[in-house]
Amino acid sequence: MTSAATNISVTTGTPQITLVNVFTVAPERQNDLVEALDEATRSIFTKIPGFISANLHVSLDGTRVVNYAQWADEASYSAALRRPEVRSHVEHSAGIAQAYDPTLAQVWSVHHPDAAGS
């Protein structure tokens, strides 16, 4: 589901993983790439077991798209990559981007502003 505002859970000490994928793209292709990623997320990833959420970010200079996607665990993410429809999406997105750098990570720590009056 795409929404203007949402809450995601970022928690330490869980098997959840986060894919942080930074795409480099020609400014005139940034919109094409983010639309391809958005469509694939809606039509493919939201239906795959273990998928939790995805957030797409676009750089203000038009040269980057960042995909921040949460998965239940590394096994779920690995299983998704073996699916033909996911491989097709990856190839399509790679064809739009100049480069991409997918990195799997786990949450180390979480920080929030101090509460008022503390």
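Structure: above.
Residues numbered from 1 in each chain as written. Predicted model: local features only at pLDDT ≥ 70, side-chain atom pairs only at ≥ 80, totals over all residues. Heavy atoms only, no water.

K.L.:
Explain the packing of helix 1 (residues 30-43) against helix 3 (residues 84-96) residue by residue, including any values.
P.N.:
Helix 3 packs onto helix 1 with a crossing angle of 170° between their chain directions and a minimal axis gap of 9 Å. Relative to helix 3, the element helix 1 is oriented roughly antiparallel. Contact residues: Asp32, Leu33, Ala36, Leu37 and Ala40 in helix 1; His89, His92, Ser93 and Ile96 in helix 3. Of the residues in the contact of helix 1 with helix 3, the class split is five nonpolar, three polar and one charged. (Axes fitted to C-alpha atoms, helices over the stretch in contact; angles between N-to-C directions. Helix = DSSP H or I, 4+ residues; strand = E, 2+ residues; numbered from the N terminus. Parallel < 35°, antiparallel > 145°, perpendicular 65-115°, else oblique. Contact = heavy atoms within 4.5 Å. Nonpolar A, V, L, I, M, F, W, Y, C, P; charged D, E, K, R; others polar.)

K.L.:
Mind laying out the nonpolar core, listing which residues take part and the relevant values?
P.N.:
Within the largest apolar cluster, twelve residues are counted, these being Ile17, Leu19, Ala40, Ile44, Phe45, Ile48, Phe51, Ala69, Trp71, Tyr77, Ala80 and Val86. Among the secondary structure elements, those contributing two or more residues to this core are strand 1 (17-24), strand 3 (64-71) and helix 2 (74-81). The next biggest cluster of nonpolar side chains, apart from the first, holds nine residues, and it includes Val25, Leu33, Ile96 and Ala97. (Core = buried A, V, L, I, M, F, W, Y, C linked by side-chain atoms within 4.5 Å. Buried < 20%, exposed > 50% of the residue type's maximum accessible area, 1.4 Å probe, protein only.)

K.L.:
Run through the side chain of Thr18, naming residues and quoting values.
P.N.:
Of note, Thr18 is situated in strand 1. We classify Thr18 as buried; its relative accessible area is 6%. With residues near it in sequence (within four places) discarded, Thr18 still touches Tyr68, Ala69, Gln70, Thr103, Leu104 and Ala105.

K.L.:
Account for a nonpolar patch on the surface, naming residues and giving values.
P.N.:
A surface patch of nonpolar side chains, about 240 Å² in accessible area, is lined by Leu81, Val90 and Tyr100. Inspection of the secondary structure puts Leu81 in helix 2. On the basis of relative accessibility, which here comes to 37%, the residue Leu81 falls in the partly exposed class. (Patch = residues over 30% accessible without salt bridge, like charges linked within 9 Å, V, L, I, M, F, W, Y side chains within 5 Å. Areas by Shrake-Rupley, 256 points an atom, 1.4 Å probe, with all protein chains shown as cover. Salt bridge = Lys/Arg side-chain N within 4 Å of Asp/Glu carboxyl O.)

K.L.:
Give me the lowdown on the sheet that holds strand 4 (residues 99-105), citing residues and values where you can.
P.N.:
As summarised here, the arrangement of the four strands in space is 2-3-1-4, forming an open sheet in which the pairing is antiparallel. Unpaired on one side and paired on the other, strand 2 (51-58) and strand 4 mark the two borders of the sheet. The average angle at which neighbouring strand axes cross in this sheet is 15°, direction not considered. Here seven bridges tie strand 2 to strand 3, and the two strands are oriented antiparallel to one another. Following the sheet pairing, His57 is matched in strand 3 by Val66. (Pairing = 2+ DSSP bridges.)

K.L.:
So what about the packing of aromatic side chains? Which residues, and what values?
P.N.:
Here the structure, examined in full by the defined rule, presents four aromatic pairs. Aromatic pair Phe51 and Trp71: ring centres 5.5 Å apart, planes at 80°, arrangement edge-to-face. Taken together, the residues span a long stretch of sequence, with Phe51 in strand 2 and Trp71 in strand 3 at a distance of 20 residues. The residues Phe51 and Trp71 share a single accessibility class, namely buried. Taken together, Phe45, Phe51, Trp71 and Tyr77 form an aromatic cluster joined through their ring pairs. (Phe/Tyr/Trp six-rings, centres within 6.5 Å; stacked < 30°, edge-to-face > 60°.)

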